[in-house]
Amino acid sequence: MGKNLYITTAIPYVNGKPHIGNALDYLLADIWARYQRMNGKTVRFQVGTDEHGNKIAQKALDAGMDPKAYTDSMYGNFEELMKKVNATYTDFVRTTDPHHIGAVQYIWQQLQPYIYKGTYEGWYCQGCESFVTDKEATANNGVCADHQTPYERLGEDNYYLRISDFTEQIREAIEKNRMRIVPEYRKREFLELIKDGLQDVSISRPRKHLSWGVSVPGDPDQVMYVWLDALSNYLTVLGYPDKSDWRDFWPAEVQVIGKDILRFHAGIWPAMLLGLGIDLPRTLLVHGHVNVSGSKMSKSVGNVIDPNEVIDNYGADAFRYYFARHIPTQDDGDFTWEKFENAYNNELGNDLGNVVQRVASMITRYQSGVIGEMVAGEHDMQPYRLAMDELAFDRALNEAWVTVRSLNKYIEDVKPWEIAKRRETETDAEEHLADVLSHSVGTIMQISDLLSPFMPDTSEKINKLFGSGIVQSAGVLFPKIYLHTPDPRTPRVAK
RNA sequence: CGCGGGGUGGAGCAGCCCGGUUAGCUCGUGUGGCUCAUAACCACAAGGUCGUAGGUUCAAAUCCUACCCCCGCAACCA
């Protein structure tokens, strides 16, 4: 493996507020990026926003704004979330960037041999100015729910991309893991999906039906449809095609996506790349969705969790911890405030925070804060590394916690406070105590390393606390917070 | 017979592929210990027909068959 690595995240559509799924994307990519940098790699880490399409145009109209002005006002929400999550991205792309637009038009021209003109036919609502799927039309009995008008059967000219040409190549790349789909069951799911071949996709719309988008080169009446525009970002953000250093980072090592968009990234996207004669990404990491108390998050149910609320109340590291460990990297996970707060108070506070505190306190009390010769931690790193390499971040954090627990147990076993008492009478007790405490610090420093991709702020705090050889003021790492669960420190009044 | 995932002590999961020690872990509950620490930490305990019914086997949570239940997906949906 070379020194340069590239990781990407899906670019969200900016017509709404950022949600937890976006935050999850940024978090997973960031954990990986930090881990690889720790291993000495140079990592480029892309993020961005998808800003074209009818929905945007409509929202802009509603707000009495020009579409670009509207997206200008919106994309910052996403940038703010990335920063809040503490994502160390290196490249930010907006699909309205002039370079991106030019590059997408170039890509279109390169794909010309695989593009043909066809007619798209479907149910169309004049009021919505858009087509609906057959399924939706059937569900509404052929009448648009918003406008109470019947759908019309309409045909329109579209350009199509002949991705069916690439079915075999893509299937083989996936089967032979040249383009790995993680986890394995997603790979099987997708292969099953394409067993009858990929179906060509429409990649443009008549301008009258899609006003806000990238113009099709050489055909002023047609505007590019979102997928070609949006998927291209992974390349254009690197400077493709004009800045040659894109080659230093492509193919992407990992592309982080949600399960809902796998088919586009495993079907259309590789077809585009093959059409351009560019290597396929090495890995698609497909994460699941975050449920709330076992149900899907949805606006109509009103159970949507705002990532900002978590971060503002508990801090970025607590957010990162919960969503990295308790939402399985490769599967759906569950969030409730109670689960979150239990994890925060018990695991971060009682396990990690407390062990750091007790060691710091003993060194301050017994040795005036002098740590003495630091011994490197001896915990076996292999299971952790294996989990990281397999992109199972939740398992890696479990491994880190094994170490935290074992340190608590170790302290309990050797009882440094008793050794401290024996210093009056036993000559070698002083040395023994110093060994025990410096060994404990060594283990904590190792834990800090393991945690640094996940909880960078915490890791840094620990390093500051012990790194100089003298224990610095011992601030509490994770003070107890009881916003959503009862506070055990206030005993309940007996009825 | 559309495809896939799953049903293991109160909750969440591991184990199943390659059958075999007292079915493991985290949380919760109870009891005890300890006092360095954030009412923390440590130990022990209670609690399970491993979805149901059959089958294979000396032996099945683990393999086979049928059935029941839950959850995703089902193609232009960011």
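Everything quoted here is computed from the prediction, not taken from an experiment. (Residues numbered from 1 in each chain as written. Chains lettered and ligands numbered in written order. Predicted model: local features only at pLDDT ≥ 70, side-chain atom pairs only at ≥ 80, totals over all residues. Heavy atoms only, no water.)

Draft legend 1. Just the pairing of strand β12 (residues 254–258), in detail. Counting buried positions along β12 yields five of five residues, so the element is predominantly enclosed. Judged by which residues are buried, β12 turns out to be covered on both faces: V254, V256 and G258 on one side and Q255 and I257 on the other are all buried. In this sheet, β12 lies alongside strand β1 (residues 4–9) in parallel orientation, the contact comprising three bridges. The residue bridging T9 from the neighbouring strand is V256, located in β12. Where β12 meets strand β13 (residues 283–287), four bridges bridge the pair, whose relative direction is parallel. Counterpart to I257 in the pairing with β13 is V286. (Buried < 20%, exposed > 50% of the residue type's maximum accessible area, 1.4 Å probe, protein only. Helix = DSSP H or I, 4+ residues; strand = E, 2+ residues; numbered from the N terminus. Pairing = 2+ DSSP bridges.)

Draft legend 2. Quick look at the environment of P328. With respect to the secondary-structure elements, P328 resides in the loop between α12 (316–325) and β15 (333–335). Through-space distance from the C-alpha of P328 to that of E426 is 51 Å; in sequence the pair is 98 residues apart. Ignoring any residue separated from it by four or fewer positions in sequence, one finds P328 in contact with G333 and D394. (Contact = heavy atoms within 4.5 Å.)

Draft legend 3. Unusual backbone geometry, seen in detail. A cis amide bond, omega 0 degrees, links V182 with the succeeding residue P183. Looking at the secondary structure, you find P183 in the loop between β7 (180–182) and α7 (184–193). A cis amide bond links W250 with the next residue in sequence, P251, at an omega value of 5 degrees. Turning to its location among the elements, P251 is positioned in the loop between α9 (233–236) and β12. The phi torsion at N177 lies on the positive side, around 65 degrees, for a residue other than glycine. Structurally, N177 is set in the loop between α6 (167–175) and β7. Of note, S368 is a non-glycine position whose phi angle comes to about 50 degrees, a positive value.

Draft legend 4. Up close: the confidence of the model for chain A. Confidence along chain A averages 88 in pLDDT terms, with 93% of residues attaining 70 or more. In the model output, the complex is listed with pTM 0.92 alongside ipTM 0.88. (pLDDT = per-residue confidence, 0-100.)

Draft legend 5. Quick look at the protein's contact with RNA strand B. Surrounding RNA strand B, one finds 44 residues, the nearest of these being W227, R263, G353, N354 and R358. Within 4 Å of the protein, atoms of RNA strand B come from sugar and phosphate in 62% of cases. A distance of 3.3 Å is found between a sugar or linking oxygen of RNA strand B and a backbone nitrogen or oxygen belonging to Y13. Within the side chain of N354, one N or O atom sits 2.3 Å away from a sugar or linking oxygen of RNA strand B. If you list the elements that add at least two residues to the surface near RNA strand B, you get α7, β8 (201–202), α8 (226–231), α10 (262–276), α13 (337–367), α15 (393–414) and α16 (416–422). By residue class, the composition of the surface near RNA strand B is 15 nonpolar, 12 polar and 17 charged. (Near = heavy atom within 4 Å. Polar contact = N/O pair within 3.5 Å; in protein donor to acceptor, adjacent residues only side chain to side chain. Nonpolar A, V, L, I, M, F, W, Y, C, P; charged D, E, K, R; others polar.)

Draft legend 6. Molecular detail of the pattern of salt bridges. Counted according to the given criterion, the structure contains 28 salt bridges. Taking the shortest distance from any N to any O, the salt bridge between D219 and K117 comes out at 3.5 Å. With a gap of 102 residues between them, D219 in strand β11 (residues 219–224) and K117 in strand β4 (residues 115–125) connect regions that are remote in the sequence. When its relative accessible area of 9% is taken as the criterion, D219 is described as buried. You can call K117 partly exposed: its relative accessible area is 48%. K339 serves as the salt-bridge partner of D334, at 3.0 Å between the closest nitrogen and oxygen. Judged by its relative accessible area of 18%, D334 is buried. (Salt bridge = Lys/Arg side-chain N within 4 Å of Asp/Glu carboxyl O.)

Draft legend 7. Local environment of the layout of surface pockets. If you add up the space inside the second largest pocket, you get close to 150 Å³. In this structure, the second largest pocket is lined by R186, E189, F190, L193, K259, D260, L262 and R263. At the level of elements, α7 and α10 are the ones that each hand at least two residues to the lining of the second largest pocket. With four residues, α7 is the single largest residue contributor to the lining of the second largest pocket. Within the lining of the second largest pocket, the residues separate by chemical class into three nonpolar, no polar and five charged. (1 Å grid on protein atoms, 1.4 Å probe; cavity = no way out; pocket = protein on both sides within 12 Å on 5 of 7 lines; lining within 4 Å. Points joined across faces, edges and corners; volume = space filled by probe spheres on them.)

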